[in-house]
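Listed here are the chains, written in short residue letters.
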Amino acid sequence: MRPFRTVRHIIALSMAVLMALATTLATALSGPALAGERDFAQTLAAARGQTVYFNAWGGDDKINDYIAWAGEELAKRHGITLKHVKLSDTAAAVSRILAEQAAGRSAGGSIDLLWVNGENFAALKQNNLLQDTAWADSLPSWQYTDAESLPAIRLDFAVPTDGLESPWGRAQLVFAHDSNRLASPPRNAAELATYINSTPGRFTYPQPPDFVGLSFLKQILIETAEDTTPFYQPVDSALFDQVSEPLWRWLDSVTPNLWRGGRAYPANYPLQRQLLADGEVDITIAFNPADASSAIERGELPDSVRTYIHDTGTIANVHFLAIPFNATASEAAQVVADFLLSPEAQIRKADPAIWGDPTVLAMHRLSAKDLAGFMALPQGVATLSEADLARTLAEPHPSWMKAIEAEWRRRYASGD
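Since the model is a prediction, treat every value here as computed from it, not as a measurement. (Residues numbered from 1 in each chain as written. Predicted model: local features only at pLDDT ≥ 70, side-chain atom pairs only at ≥ 80, totals over all residues. Heavy atoms only, no water.)

A.B. asks: Would you take a moment to explain the overall build of the protein for this structure?
C.D. replies: Scanning the protein from terminus to terminus reveals 13 helices and 11 strands. Along the first, second and third principal axes, the C-alpha atoms of the protein reach 105 × 50 × 45 Å. Taking all 416 residues of the protein together, the buried fraction comes to 51%. Within the protein, residue pairs in contact and separated by at least 24 positions form 82% of the contacts whose partners lie at least 6 positions apart. When the accessible surface of the protein is split by element, carbon and sulfur atoms take 54% of a total near 18900 Å². Seen as two clouds, the 34 positive and the 48 negative side-chain charges of the protein have centres 7 Å apart. (Helix = DSSP H or I, 4+ residues; strand = E, 2+ residues; numbered from the N terminus. Buried < 20%, exposed > 50% of the residue type's maximum accessible area, 1.4 Å probe, protein only. Contact = heavy atoms within 4.5 Å. Areas by Shrake-Rupley, 256 points an atom, 1.4 Å probe, with all protein chains shown as cover. Lys, Arg positive; Asp, Glu negative; His and termini not counted. Charge placed at Lys NZ, Arg CZ, Asp CG, Glu CD.)

And the structure:
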């Protein structure tokens, strides 16, 4: 009996050990997720009743309408009040946060959530103006992203995000033309210069510091340079004139033949789009591949408008949401960011009839229902296919944005 009892005892003991190991392994595998869920449940509880001052560019009605919809949903679901503070230049919000830091206002800040990317994120991070701990990759909706297939969600203009901002959407510079007036648009910087000089007054671009206007200048900077390597490092002031000289030579050659002789510029891309609709120019520019299709849906552009990119590709990036270091409603700001990253909100945002902003979510991470939601979206008559948009150019280091804007102002501001 004793040997049998011993064997049974050993078996029982082994089973107990195996069960303990299995329990430990299960805890190890599921523990962080459950802990994350518990943490976010606490965040949701703290967020209820808070007001989020969301500082975001307010120059496009369709984007403003989308943010208003999100505000209504957040109020119903989580008891959060979302106030859209409409900006004309995000840099103004960065300056305000910097001023609050200088004044010692470490809490109770005026901005809870900020729509940023590139230059502004780099400035916020460099000056310690963001939350001091990573939060974005702990959001429940982060599980639907894939940083391996879209590295730009962790690198903002070559600056690591370190979990301090949550991806919101993708963008790529595209050009739009009315095919009834311009059948074959120019496909590179050299052809565009020839077109501008042969058809005076039919082209312009948004006035810097408008983001799309500066993006257009960076596009020409890259296209006209013999060596693009310096653009992906901080600006070397000793070499700036030499490296950027082809851009200024290109602009000098076309500026007298721009719309209104280069003495005035549209303030932003919606106003430039209106110039195309009014027949004042032949080409407009946007940083959203679906912008023209959305405008056609709303009756703002004729259905003969089509989009294209340059043969060498165009600048592409991801835009984000960041929370300042002294946000008053940091918990509610995280809930807003999580909702805006959710499949539901991303599907609505990608709809050309609503906004048409490309998603940052990975299709292979979605449920069958959410995947079907994306697949059911109309592409839009003027929207290029993913294959057509495959040629992309990486954003230069954010320091180039500031340097180009300063030099452009010195040379061309106010048509001087």
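A.B. asks: Before we go on, may I ask you to explain the side chain of Thr284 in this structure?
C.D. replies: Mapping Thr284 onto the fold places it in strand β8 (residues 283–286). Here the side chain of Thr284 touches Arg273 through a polar contact of 3.4 Å, landing on its backbone nitrogen. With sequence-adjacent residues up to four places away left out, Thr284 is seen in contact with Val174, Phe175, Ala176, Tyr269, Gln272, Arg273 and Leu276. (Polar contact = N/O pair within 3.5 Å; in protein donor to acceptor, adjacent residues only side chain to side chain.)

A.B. asks: What am I meant to see in helix α2 (residues 61–78) here?
C.D. replies: Because an α-helix packs 3.6 residues into every turn, residues spaced three or four apart end up facing the same way. A rise of 1.5 Å per residue sets the reference length of α2, with its 18 residues, at 26 Å; its end C-alpha atoms lie 25 Å apart and thus fit the reference within 8%. Here α2 has its buried residues at Lys62, Ile63, Asn64, Tyr66, Ile67, Trp69, Ala70, Gly71, Glu73 and Leu74. A positive backbone phi angle near 65 degrees is found at Gly79, which sits one or two residues after α2. (Expected span 1.5 Å × (residues − 1).)

A.B. asks: Would you take a moment to explain the pattern of salt bridges for this structure?
C.D. replies: Two side chains bearing opposite charge may form a pair once their charged atoms approach each other closely. Counted under the stated rule, the structure contains 23 salt bridges. A salt bridge links Asp252 to Arg411; the shortest N-O distance between them is 3.9 Å. Taken together, the positions of Asp252 in helix α7 (residues 237–254) and Arg411 in helix α13 (residues 399–412) put the pair 159 residues apart, joining distant regions of the chain. Residue Arg411 is classed as partly exposed on the basis of its relative accessible area of 29%. When salt bridges that share partners are traced, they join Asp60, Lys62, Arg273, Asp291, Arg298 and Glu300 into one network. (Salt bridge = Lys/Arg side-chain N within 4 Å of Asp/Glu carboxyl O.)

A.B. asks: Can you help me understand unusual backbone geometry in this one?
C.D. replies: The bulk of non-glycine residues show a negative phi, and the bulk of peptide bonds are trans. Between Pro208 and Pro209 the backbone carries a cis peptide bond, its omega angle lying at 15 degrees. With respect to the helices and strands, the residue Pro209 is situated in the loop between α5 (189–198) and α6 (211–224). Positive phi outside glycine occurs at Asn128, with the angle close to 55 degrees. Along the chain, Asn128 turns up in the loop between α4 (119–126) and β4 (155–156). Even without a glycine there, the phi angle at Arg260 is positive, about 55 degrees. Judged by its relative accessible area of 51%, Arg260 falls in the exposed class.

A.B. asks: Explain the sheet that holds strand β9 (residues 305–308) to me, please; I cannot follow it from the model alone.
C.D. replies: Strand pairs in the sheet, formed through backbone hydrogen bonds, run parallel or antiparallel to each other. The three strands are arranged β8-β7-β9 in an open sheet whose pairing can be described as antiparallel. Across the chains shown, the open sheet's two edge strands, defined by having one partner strand only, are β8 and β9. Each adjacent strand pair in this sheet contributes to an overall mean axis angle of 30 degrees, direction not counted. (Pairing = 2+ DSSP bridges. Axes fitted to C-alpha atoms, helices over the stretch in contact; angles between N-to-C directions.)

A.B. asks: Would you explain the packing of α7 against α13 in this entry?
C.D. replies: Packed helix pairs are specified by the crossing angle of their axes together with the interaxial distance, meaning the distance between the axes. Running from amino to carboxyl end, α7 crosses α13 at an angle of 50 degrees, the nearest separation of the two axes being 12 Å. Classified by the interaxial angle, the pair formed by α7 and α13 is oblique. Like other packed secondary-structure pairs, α7 and α13 cross with a definite hand, here right-handed. Two secondary-structure elements touch here, α7 through Phe240, Val243, Leu247, Trp248, Leu251 and Asp252 and α13 through Trp400, Ala403, Ile404, Glu407, Trp408, Arg411 and Tyr412. Of the residues belonging to the contact of α7 with α13, the class tally is 10 nonpolar, no polar and three charged. (Parallel < 35°, antiparallel > 145°, perpendicular 65-115°, else oblique. Left-handed = near helix turned anticlockwise from the far one by under 90°. Nonpolar A, V, L, I, M, F, W, Y, C, P; charged D, E, K, R; others polar.)

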